[in-house]
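# Commentary on secondary and tertiary structure
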Amino acid sequence: MPGGVNSPVRSFRAVEGTPVFIKKAKGAWAWDEDGNKYIDYVASWGPLILGHAHPEVVRAIKKAAEKGTSYGAPCEKEVDLANLILKSFLSIDMIRMTSSGTEATMSAVRLARAYTKRDFIVKFEGCYHGHADYLLVKAGSGATTFGTPSSPGVPREFTERTLLAKYNNIQSVENLFAKHRNEIACVLIEPVAANMGVVPPKKGFLQDLRKITEDAGMLLIFDEVITGFRLGLGGAQKTYGVTPDITCLGKIIGGGLPVGAYGGKKEIMSLVAPIGPVYQAGTLSGNPLAMSAGVATLTKLREKGIYKRLNELTQFLVEGLREILEKLHIEAQLNSVGSMFTLFFTDCEVVDYESALTSNTKMYSGFFKNLLSAGIMFPPSQFEAVFASLAHTEKEIDMTLKAAYNALKKIK
Ligand code: KE4
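Residue indices begin from 1 for each chain and proceed along its sequence in written order. pLDDT decides what is reported in this predicted model: residues at 70 or higher carry local features, side-chain atom pairs at 80 or more are listed and counted, and totals for whole chains, interfaces and linings draw on all residues regardless. For side-chain calculations, the full set of non-hydrogen atoms in the structure is used, while hydrogens and water are omitted.

## What about the sheet that holds strand E4 (residues 94-98)?
Test applied: For two strands to count as paired, DSSP must find a minimum of two bridges between them. Only DSSP runs of H or I reaching four residues or more are called helices, and only runs of E reaching two or more are called strands; each is numbered from the N terminus. Here an angle of 0 to 180 degrees is reported between the N-to-C directions of two axes, which are lines fitted to C-alpha atoms, with helices fitted over the stretch in contact.
The seven strands lie next to each other as E4-E12-E11-E10-E9-E5-E8, forming an open sheet whose pairing is mixed. The strands lining the two open edges of the sheet, one partner per strand, are E4 and strand E8 (162-165). Averaged over all pairs of adjacent strands, the angle between their axes in this sheet comes to 20°, without regard to strand direction. Alignment of strand E9 (residues 184-189) against strand E10 (residues 219-223), held across four bridges, turns out to be parallel. Bridge pairing links Cys186 to Leu219 in E10.

Spelled out as C-alpha cells, the structure:
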C-alpha cells in the first residue's frame, strides 16, 4: 500500500514519522500493534464523536449485519437516517446518501452546474472537499484566479473553471463575481474551515457570502462533512444562522462507517436521477449497516445536554493549553469551534490559508511526537483538527494537559 496507508494523511509523513497501526480502540482510547495505548483525538478525522466502539453503535451494526450487509435495494434504515438528518437540517427537503464525502461534494457541484446551467465554481484556498479532480486545486500564484491542479493526473482543462477565493475575504469573492458574473454555478465552502487547521468564519462573512450568491443567482453549497452534527444537531448553518442551497454531509452521519450525503431544496434535488437528469449512483450508497451506525449515532446525539457536555470538556482542554503556552512563553494560535480546535505554531492570527501557512510545521512535528510518546494521539498534521469526543472525561483531559506541558517544554 503506498506509504503503508489507504489515505495519505495517516502516513505521518507530515510529521516526519512512520504510521502507527491501530489494533483496537474503545471510548477515548486506542491501542497500537506494539501494545502502546493512546488517548485519541483523531477520532477517525471526525466521525467518532461518541468515542470508539460505542456500545449502542456496535449493537446496531451487529443487529443489521445479521440481516444482511447490503441489498442493492432501498431499505427502511435509509429512510430512518434521512429523516433524522432532515429533522435537524431544515434547509434540506431531499437528500441522497453516498459512501464518502468526496462523492457528496462532487455530486453537489455537478447538481449546481446542472441547476444553474453555468460551469464555473468558486472554492476557497485551503478548503478541502475531497479529491474530485476539479476540487484538487490550490491557489494559483498571486492573483488566485484560475486554479492550477495541485495533483499530477489532473488535466489543466479540468480545473480552469475552478476559481479560488480567500477565506474570510468577501472582496476576493466579489472580484471573481465581477470577472465571471453570469458564469458561476456555485460557491463551495467549509462554513468553518478545518482542513487548513480550524479557521472560524469572521463575523458576517458567511452572511455576506449568502447575500452576494443570492443576488448573483448562484448556489451556495456548505460542505458540512466535518461540521455537520459536530457543531450541534443543525451544524454550522444553525450555529451561524445562514441557509445554504445545498449541504454536503459525511463522517458523523455514518457513525464510523462509510457514509456521505448531499441534500437541499426539493426544486434543486428533483434534478437528481432517477427523477431528474443529473446522474449520480453508488453500489453501497444507503447500505443498511452504515445507515444503522448513523441512526444509532444521531439518535444518541439528540439526547439532552450532549453538546453542552462535549463543548465544555473541549473548552477545558483548550483553556488549559492556552495557559501552558502562556506559561512557557510559546507563540501559538489556538483556534477552536465547538469540540474541534487547532494549535498553530505561529505568532500571527490564523484567519485564512496564507496565515495558516506561516505555522512552523517543524515545531508541530516535535509537539506531535512528544505527545505521541506520552500516549496522546493528536492529528499527524498541523493543518487538521483535534477532535474531542463524548468518551473523553476530565481524567483524559488532565492527562493530556500534563503531557502537553512536557511536550511543549521540550520543543521550547
Ligand atoms: P471523504 O471522501 O474523505 O469521506 O470526505 C472528503 C471531505 C470532504 N469535505 C471535508 C470538509 C472533509 O474534511 C473531507 C475529508 N477530510 C479529511 C481530513 N480532514 C479526511 C481524512 C483523510 O483524507 O484521510
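Moving on, there is more to tell.
## Description of the environment of Gly255
Short version of the rule: Throughout, a residue-residue contact means that at least one pair of heavy atoms, one from each residue, lies within 4.5 Å.
Relative to the elements of secondary structure, Gly255 occurs in the loop between strand E11 (246-250) and strand E12 (260-264). Apart from the residues within four sequence positions on either side, Gly255 is in contact with Leu48, Val57, Ala293, Gly294 and Thr297.

## Details of the sheet that holds strand E15 (residues 376-377)
Strand order in the open sheet formed by four strands is E1-E2-E3-E15, and the pairing between neighbours is mixed. The two strands at the open ends of the sheet, each matched to only one other strand, are strand E1 (22-26) and E15. Where E1 meets strand E2 (residues 29-32), four bridges bridge the pair, whose relative direction is antiparallel. When the bridges of E2 are listed, Lys26 appears paired with Trp29.

## Looking at the pattern of salt bridges
To be explicit about the condition: Each reported salt bridge corresponds to a side-chain nitrogen of Lys or Arg within 4 Å of a carboxyl oxygen of Asp or Glu. For every residue, the accessible area (1.4 Å probe, protein chains only) is compared with the maximum for its type, and the residue is labelled buried under 20%, exposed over 50%, or partly exposed between those bounds.
For the structure shown, the criterion picks out 15 salt bridges. Residue Lys166 pairs with Glu354 through a salt bridge whose shortest N-O separation is 3.0 Å. Placement of Lys166 in the loop between E8 and helix H5 (170-179) and of Glu354 in helix H11 (residues 353-356) is noted, with a sequence separation of 188 residues between them. Lys166 sits in the partly exposed class, given a relative accessible area of 21%. Residue Arg322 pairs with Glu319 through a salt bridge whose shortest N-O separation is 3.6 Å. Remark: Glu319 and Arg322 occur in helix H10 (residues 306-327); sequence separation between them is three residues, near one turn of the helix. Arg322 gets classed as partly exposed once you look at its relative accessible area, which sits at 32%. Accessibility expressed as a relative area gives 36% for Glu319, which makes it partly exposed.

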